Amino acid sequence: MARKVTIGLEIHVQITGAKTKLFCNCPVDYRDKPPNTNVCPVCMGFPGALPVVNRKAIELAVTASKSLNCEIPEWLIFTRKHYFYPDLPKNYQITQYKTVAGAPVCLGGRLDYIDPKDWSIHSVGLDRINIEEDPGKAVYEKGGIIGSRVVLVDYNRSGVGLLEIVTRPELHDARQARIAVENLLLTLWYLGITDPRLPGAFRVDANISVEGGGGRVELKNIGSLIEVERGLRYEILRQTKIVDAGGKIARETRHWDTVKGVSKATRSKEEETDYMYFPDPDLPPLRVTRSMLVKAEAALEFTPLKLWSDMNRYGIDKGLAWSIIRELDLAKTFRTALSIYRNPHLIAWMLGNVVKGLRDKKGLEYVPPAVDIAYLAELLDRNIVHREMVKFVILPKAMETKESVKRIMEYEGKLPRGDALEKAVEKVLIEESKAVNDLLRGRKQAFNYLIGRVMRKLDGKGDPREIAEILRRKLNGLI
Amino acid sequence: MIQAVKVSLEVLNDRLDPYDHLEEILDKINRWEPKVNAYAYVENMGKLKEDLGRQLKRKGRLSGVIVAVKDNISTSWMPTTAASRMLSGYIPPYNATVIEKLLYEGAVIIGKTNMDEFAMGSTSENTPYGPVHNPWCLDCTAGGSSGGSGAVLAYGGADLALGSDTGGSVRLPAAYTGTVALKPTYGTVSRYGLIPYANSLEQISPMARTVKDLALLYNTIKGDDPRDSTTLGVEQEYPIDRVDPGKTRIAVIRELMDGVDEGILKIFWNTISLLESHGFTIDMVSIKSLRYSLPAYYVIAMAEASSNLARYDGVIHGNRVKECRGYWDCAAKARGEYFGVEVKTRILMGAYVLMEGYSREYYVKATKLRRLIRDSLAKLFKDYQAIISPVSPILPPKLGEKLEDPVKMYTMDVMTVTANLAGIPALVQPAGIISGFPIGIQWMGPVFSESRLFGLASIVEDEVGVITPLQ
Amino acid sequence: MGCEVCVLTEDECVILHKLAERTSLYLSRSEEIEICDRITSIKRFFSQLDEVNVEDLKPLYHVLEVSGKTREDNPEPFPAEEIRRSLKGRFRDDYVVAPWKGGYD
Ligand SMILES: [Zn+2]
């Protein structure tokens, strides 16, 4: 029987956009380093070592909060949250919390997200965003978290800045939850806050309840977008079956086992924990400065939703638009190419259809630079090349060889080679001595005339910018 | 005994052999330590000579000066145990900022001084090294928690000493050992490397035998530290001010005069007369909120302590126990095994005052009182330039006397905790001797008034003379 | 641990046990009796705070109320061998080894 499902998410996102950890100068990039080599007295919690806030991390957190329509307090307050765990060096985590004088970087707020099924736009409310430190990484031996005798801890990750983004319980199915998270990560990626492709860059915990079940279950340890949907589906089904059979759902924490595809109860005695929150005496409140807000505002120029509405305005096919928006490098290339040559349709087609297609089919990651894409759009417009050529020859070659588009065009005989250009220019300079004289006397129009003559000599295949450059060089800077 | 301010100069002018100076100090240590037990660790002679040779080359203002450091200040080459069995054998991977500053100026760190475990205590008896004995009265306490640093200075076991002051921890020992100590304005000295007890209250604090030496040490260790968010971005020197008695009104606070021992009162009022004869105006005033300083202080201190000490679970920090099963059991057993009873009491009470349902009534309320106390004092300092008070209501207790009832010990801090709650500087100096005990007085001033306090103390010191060090 | 050892009330004794659990503190029976006494005394001492009304005041957590510091985002790796030296004996294959279901072995 279909029952109403209520889901709230708690998404932990690493602030990989900062170069250092939240409270010390250790690098954020802990991946692939030998265990316990990316640590210092601060992030290992040595007695007497003190935290100092990384300004960049705060700026990024403020940017995230702005982009999610939050209320940002004037003063940020860090709080100690106490619990004993081997991966937590101080046995308290520096975080933010609403009560006991806490002031998280974001209160309230809203995540707007695009549903690629029908291109509708939805919203989910946010409860808050906390800035906090990541714990170390525990590796369990034989027997895993249930039975291992010892735990081996690597603190390289300890102290990396996290945003804990907590939604209101306003989501109602697994797919929707996955899409919301995907959109959120995309936004944070655009804003330079995190790189969601890095392993472990984000983790999701979900609170799930099914109508008639009673308690809500916290599902922990979801590490990828696919797992969000899979884990939630499993848990919803599990709870629904129990409720349908007349049972009740106990309030508990369950661990999502990715390998087996099941959720398991962790500790049954899930009594109300008291974290003994109080403001960290080592960290005075931090003022959110005007310059932080200005920086945040500037960053919001480029977000997936903004690009989406721009692309819609240009009339770009929605599927094509989405395939570009989903990948940050394509989106950035689109934006830059468009600023060079204004044909959004051609640029979108090249990036969303051709480049994305080659990426998906052949695994080619390289994206030609925006100038090349803009240049190709111009050549297409001027009928110097046609779409088939771009799609099957030029772009595949560019992506495989990382050669410039111009070079490839030259090889393919679509553009005169450099020496041909030079020769054409020299010829024109001799033939058009009158225009040259006019130019030297200051008649600017003569310059364009000369370019036109060169182009005609090359049957329209030359690049006007390049011709202009050669002309200037030949005229020895006289103009 | 030579003043620390003269050592580097005399050494430079070949009027003092720094090695003789070091040996003289080591002799005193050998003579006194068996009785006093003020050092938790003394560096061996060979290493000290090596250090001295290197430090003399620095030609800093402390070149050749021998400094004792409280055992809760991190040194990367010497044990730093905060007098806890929990940390026995611990050698930090880094130096406290104040240690870096001392080394930069050419000082030699001779060893680590005994103290109350994690600085929790007022008698320097809660220590695995055995209690510190007061050199003035060997079966008396030297005060705490920096009792070791005070005692070492009293018998000449160092030129200067560092302590830490959370609620009077350098001032009580100074009062009991006839030495001088300053609890600086909160945020003027870096806490980086100080094993924390109550972060919002404490400062690493200089101790010496004379006001000039005290000012020298303070000016060496003070200053903004990018590693400590609570240090203030002020860069200034704190010379000894020449205080104009005609322009200086001094307050005596009624609430800090309750239940004070008669001998202590006698010295106190003598000092008042002396100051009046210099032309100072002295008034008695009342600040009602100070009646709650002591419980407010202990609530805040214990809350922070409970949090700071959570890290000692045996995994990264703190010693481990062999017989245990599972992380939580191992942590609880290690903590049960290696913390002393005073520390355990404060951890438990600290958790209690922070617990949901209790924190409003205790912790939050104490922080509100803290505001009231700070603001009342700030208001007083609009009309008065300084406060003078006794340091302790009682003469040094006999060893063992205070251990039974914790609250009895806490009341020893009743006059000193106010400065920590308000973040203001407080200086203690000897003002006389009664029945063989040196008696201290305490100066307090508004934030950043260290120079004025040095000046006021100099006036008293010039009159009373430096209390003759023990021979 | 039974509550009969406490001079505290039953409720208070339950709280003591809860506190010991929360702060991961193993107390022997004799220690428990001693600490019960101490806590009773301290609680009486703290109850002085009941006399005063400060409802209208704002809490003060940082005495000088200045804005906190921030630092530049410049990586500065710390020498790992110093950490190693300080934590000698706690490692297995570069990892810090901690008990999980068993003890240290
Ligand atoms: Zn670090």
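This structure is a prediction, so every number in the text was calculated from the model and none was measured.

Calculation rules
- Residues numbered from 1 in each chain as written.
- Chains lettered and ligands numbered in written order.
- Predicted model: local features only at pLDDT ≥ 70, side-chain atom pairs only at ≥ 80, totals over all residues.
- Heavy atoms only, no water.
- Pairing = 2+ DSSP bridges.
- Helix = DSSP H or I, 4+ residues; strand = E, 2+ residues; numbered from the N terminus.
- Axes fitted to C-alpha atoms, helices over the stretch in contact; angles between N-to-C directions.
- Contact = heavy atoms within 4.5 Å.
- Core = buried A, V, L, I, M, F, W, Y, C linked by side-chain atoms within 4.5 Å.
- Buried < 20%, exposed > 50% of the residue type's maximum accessible area, 1.4 Å probe, protein only.
- Right-handed = clockwise from strand over helix to strand, strands pointing away.
- Buried area = accessible area lost by both parts, 1.4 Å probe.
- Salt bridge = Lys/Arg side-chain N within 4 Å of Asp/Glu carboxyl O.
- Polar contact = N/O pair within 3.5 Å; in protein donor to acceptor, adjacent residues only side chain to side chain.
- Nonpolar A, V, L, I, M, F, W, Y, C, P; charged D, E, K, R; others polar.

1. Some words on the sheet that holds strand S6 (residues 160–165) of chain B
Residues and elements named next belong to chain B.
Turning to step 1, where the next piece is worked out: The strand order across the open sheet built from 11 strands is S1-S3-S2-S6-S8-S7-S12-S13-S11-S9-S10, with neighbouring strands paired in mixed fashion. At either end of the open sheet lies a strand with only one pairing partner, and these are strand S1 (39–42) and strand S10 (281–285). Across this sheet, the average inter-strand angle for adjacent strands is 30°, counted without regard to direction.
Turning to step 2, where the next piece is worked out: Where strand S2 (residues 66–70) meets strand S3 (residues 108–113), 5 bridges bridge the pair, whose relative direction is parallel. For Lys-70, the partnering residue across the bridge sits in S3 and is Thr-113.
Turning to step 3, where the next piece is worked out: Those strands touched by helix H15 (residues 450–464) are strand S7 (180–183), strand S9 (249–253), strand S11 (386–390), strand S12 (426–434) and strand S13 (437–444), and its axis lies near 10° from that of S12.

2. Looking at the nonpolar core
Turning to step 1, where the next piece is worked out: Membership of the largest hydrophobic core comes to 275 residues, with the highest contact counts inside it found for Phe-118, Leu-377 and Trp-443 of chain B together with Phe-46 of chain C.
Turning to step 2, where the next piece is worked out: The element contributing the most residues to this core is helix H9 (residues 293–308) of chain B, with 10 residues.
Turning to step 3, where the next piece is worked out: Aside from chain neighbours lying at most four places away, what touches Phe-46 of chain C is Pro-295, Tyr-298, Val-299, Met-302, Met-349, Val-353 and Tyr-362 of chain B.
Turning to step 4, where the next piece is worked out: Counting 51 residues, the second largest nonpolar core, distinct from the first, contains Ile-324, Leu-328, Ala-337 and Ile-373 of chain A.

3. Some remarks on the pairing of S2 of chain B
All names here are of chain B.
Turning to step 1, where the next piece is worked out: Counting buried positions over the 5 residues of S2 gives 5, a clear majority of the element.
Turning to step 2, where the next piece is worked out: Of the two faces of S2, the one lined by Ile-66, Ala-68 and Lys-70 and the one lined by Val-67 and Val-69 are each fully buried.
Turning to step 3, where the next piece is worked out: A crossover connection joins S2 to the parallel S3 through helix H4 (residues 97–104); in handedness this β-α-β unit is right-handed.
Turning to step 4, where the next piece is worked out: Across 3 bridges, the pairing between S2 and S6 is parallel. Bridging across to S6, Val-67 finds its partner in Leu-160.

4. Quick look at the interface of chain A and chain C
Turning to step 1, where the next piece is worked out: With 58 residues of chain A in contact, the opposing surface of chain C contributes 36 residues.
Turning to step 2, where the next piece is worked out: Three residues stand out in chain A for area buried against chain C, namely Asn-25, Arg-55 and Arg-149 of chain A, and they jointly supply 15% of the buried area on that side.
Turning to step 3, where the next piece is worked out: A salt bridge links Arg-55 of chain A to Glu-72 of chain C, with the nearest nitrogen and oxygen atoms 2.3 Å apart.
Turning to step 4, where the next piece is worked out: The interface formed by chain A and chain C contains 27 residue pairs in polar contact (both at pLDDT 80 or more).
Turning to step 5, where the next piece is worked out: Broken down by secondary-structure element, the contributors of at least two residues to the side of chain A that touches chain C are strand S2 (53–54), helix H1 (55–67), strand S9 (137–140), helix H2 (144–147), strand S10 (150–154) and strand S17 (286–287) of chain A.
Turning to step 6, where the next piece is worked out: Broken down by element, the residue count for the side of chain A that touches chain C peaks at 5 residues, all from S10 of chain A.
Turning to step 7, where the next piece is worked out: Across the side of chain A that touches chain C, the residue classes break down as 36 nonpolar, 8 polar and 14 charged.
Turning to step 8, where the next piece is worked out: The pairing of S2 of chain A with strand S1 (residues 70–71) of chain C spans 2 bridges and is parallel. Of the residues in S1 of chain C, the one forming a bridge with Asn-54 of chain A is Arg-71 of chain C.

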